[in-house]
Amino acid sequence: MSDWGHATELDDISGQVAIAGIGETEYTKASGRTAREIGVEAAERAIADAGLEPTDIDGLSWNGAFADFDADAFHEHFGTSHDLWTSRWGGGMTWAGTAPHLAAQAIADGKARHVLNVFPVAWATQRGSMTGGPGETHAAQPLKQNLEVPFGWFPQPVYFATIMRRHMLEFGTTEEQFGAIAVACRRNANHNPTAVMHEKKMTLDDYLASPLLADPLRMFDSCLISDGGAAYITTSLERARDLAQPPAVVAGVGEGNAESGGHWSQQQEFTSTPQVFSAPPAFKMAGLAPGDVDVLTVYDPFTVVSMMQIEDMGFCEKGAAGEFVEGDTLHHDGELAFNTHGGLLSHAYVLGIAHVVEVVKQIRGTAPAQVPGCEVGVYGGYTGGMASTLILTEDR
Amino acid sequence: MASLKRADFPLPDLSDERTTEFFAGAARGELVIPKCDSCGAFCWYPEERCLKCDGDAFTWTAVDGHGRLYSWAVVRRAFLPAFEEMVPFVTGLVALDADPTVRIVSYVVDCDPDALAADQPLDVVFRDLRFPTVPDRAVPVPMFVPA
Ligand SMILES: [Zn+2]
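A short tour of the structure in this document, coming up. What you see is a predicted model, and the numbers here were worked out from it, not measured in a lab. (Residues numbered from 1 in each chain as written. Chains lettered and ligands numbered in written order. Predicted model: local features only at pLDDT ≥ 70, side-chain atom pairs only at ≥ 80, totals over all residues. Heavy atoms only, no water.)

Comments concerning the overall build of chain B
Across its full length, chain B carries one helix and seven strands. Helices (α) and strands (β) of chain B occur, in sequence order from the N terminus, as α-β-β-β-β-β-β-β. Taken against the 2.2 N^0.38 rule, which gives 15 Å for 147 residues, the C-alpha radius of gyration of chain B at 16 Å falls within 12% of a compact globule. Among the 147 residues that make up chain B, the fraction classed as buried is 48%. In chain B, of all internal contacts separated by at least 6 residues, the share reaching a separation of at least 24 is 51%. (Helix = DSSP H or I, 4+ residues; strand = E, 2+ residues; numbered from the N terminus. Rg over C-alpha atoms; globule rule 2.2 N^0.38 Å. Buried < 20%, exposed > 50% of the residue type's maximum accessible area, 1.4 Å probe, protein only. Contact = heavy atoms within 4.5 Å.)

As structure tokens, this is what we get:
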């Protein structure tokens, strides 16, 4: 089972750093804004939230594959020119979960004090002009363009329909069980005024009536396409205690890697994610177990990705998530409060950065669908061949 | 990043050297997969280095065209204009008998989509792939039919 990938060796940073500031833009359908504009707005709000000034930010991380926001954008917006420690291995997706570890190392090495991680996206706007988006990003990869796209195995809904079917075939998972995940995320979003789907209710019958895009995957198994972004600031726990907000302590970080390459079609454990390798060391670093978790958020482009990560992170046995998620288990007031902001399915498709921000809010006690007494919150990041686990706790 | 502005997209780009042999094989009615010269493993997709031993030399090797249906989707929404007249169609992953860790992505044709079953035996056939959006062009490719 566990010979198809490995965990990245990460230094134990438990309790050394905390998330001290969060910032979010509006989450919308096509806004006409650029990702750069969105990114600097999120950055500005995170800095204000922490009670800092732009010149206090001496470390910056973003995702180098999305060159929309970077150090130039930061300096141009704030009119600053000071030295920044930078990393292109931050931003969203799996890296939204590991950026605090990068920051912790930079802080421990004395290279930075306050590290800002930013991820903006404007795919809803770009889709209108056909200049970007998840499908085009994939179709441009030569092996996919030659070995998948010509064969109709494109774009993401088709990959995940295929994974979903295999999960159904191997474990007996049902469409109603996938639907339970979508309904939970929607109900949570209905409590969250900033969620794109805030006003739209969804029942299991609505889910089952939604169109099949690629049988067995329905429209309501699928994430939104959105404009929006968020940012957070990591600093030492000691420093965080002097700032404006209660610290969300970084208790554990993990990163897992599949060794069968980056293509979904060739993943040898087809119905698993590299959470299998990421979650256990993160929980070990934190001295916690899945049973201690009050809020779980996972990167959820499709319901099956939630299903797999819930299993792979140890919240139930492999193959048992279908039964586990039935009913209201994943609702904000259920047994495992899950994607309490609505997730990529019903909040906004901003690739995981808002998931981390949601966990911080839950720890602070300020989330719209607040879980009473939330002390431990987890983000599960996922990017095909990689996964990450970020465990945040109350300062105790 | 390869261009999506190619006039023959979404037909395969036959000038891409990493997959030239695959389509050349299909044109002569052979399913060929790169085999690592160092460790003998089939390496699919054709990456630059063998994921098993890091070797960098490969020989494209013909395999018999038998496999099993690992999983599939019945695509109902045309995600590209080229697919508009094809939907619904079945596309999926075929685990080759020669090495089940090799999964070929292709169409399952001449089948009743509702009658497909997990791991059912399939045989390769070579058919011309054509799209109405790319007139007068066809590329022979492997597809699969129930055995
Ligand atoms: Zn080899």
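After that view, the rundown keeps rolling.
Here's the deal with the coordination of the zinc ion
Residue and element names in this part refer to chain B. Within the first shell, the zinc ion binds the protein through Cys36 (SG), Cys39 (SG), Cys50 (SG) and Cys53 (SG), at distances of 2.3 to 2.4 Å. With four donor atoms in place around the zinc ion and angles of 99 to 112 degrees between them, the coordination shape is tetrahedral. Taken in sequence order, the residues that donate to the zinc ion follow the motif C-x2-C-x10-C-x2-C. (Donors = N, O, S within 2.8 Å, 3.2 Å for Na, K, Ca; no water. Tetrahedral: all angles 85-135°; square planar, octahedral: opposite > 155°, others 65-115°.)

Structural notes on the packing of helix 8 (residues 175-190) of chain A against helix 12 (residues 303-312) of chain A
Residues and elements named next belong to chain A. In contact at an axis separation of 9 Å, helix 8 and helix 12 are set at 95 degrees when each is read in the N-to-C sense. Taken together, the axes of helix 8 and helix 12 lie roughly perpendicular to each other. Between helix 8 and helix 12, the residues in contact are Gln177, Phe178, Ile181 and Ala182 and Thr303, Val304, Ser306 and Met307, respectively. The residue makeup of the contact of helix 8 with helix 12, split by class, is five nonpolar, three polar and no charged. (Axes fitted to C-alpha atoms, helices over the stretch in contact; angles between N-to-C directions. Parallel < 35°, antiparallel > 145°, perpendicular 65-115°, else oblique. Nonpolar A, V, L, I, M, F, W, Y, C, P; charged D, E, K, R; others polar.)

Examining the interface of chain A and chain B
Taken residue by residue, the interface counts 39 residues in chain A and 47 residues in chain B. Of the roughly 3700 Å² buried between chain A and chain B, counting both surfaces, carbon and sulfur atoms make up 62%. Three residues, Leu147(A), Phe151(A) and Gln266(A), lead the burial of chain A against chain B; their summed loss comes to 19% of the area buried on that side. Residue Arg76(B) pairs with Asp215(A) through a salt bridge whose shortest N-O separation is 3.4 Å. Our enumeration of links across chain A and chain B arrives at 23 residue pairs in polar contact (both at pLDDT 80 or more). The set of elements that each furnish at least two residues to the side of chain A that touches chain B consists of helix 5 (134-139), helix 6 (142-147), helix 7 (156-171) and strand 6 (212-215) of chain A. Sorting elements by how many residues they give to the side of chain A that touches chain B places helix 7 of chain A first, with eight residues. Of the residues assigned to the side of chain A that touches chain B, the class counts are 21 nonpolar, eleven polar and seven charged. For strand 6 of chain A and strand 3 (residues 66-75) of chain B, the ladder comprises two bridges, and the chain directions are antiparallel. Following the sheet pairing, Asp215(A) is matched in strand 3 of chain B by Val74(B). (Buried area = accessible area lost by both parts, 1.4 Å probe. Salt bridge = Lys/Arg side-chain N within 4 Å of Asp/Glu carboxyl O. Polar contact = N/O pair within 3.5 Å; in protein donor to acceptor, adjacent residues only side chain to side chain. Pairing = 2+ DSSP bridges.)

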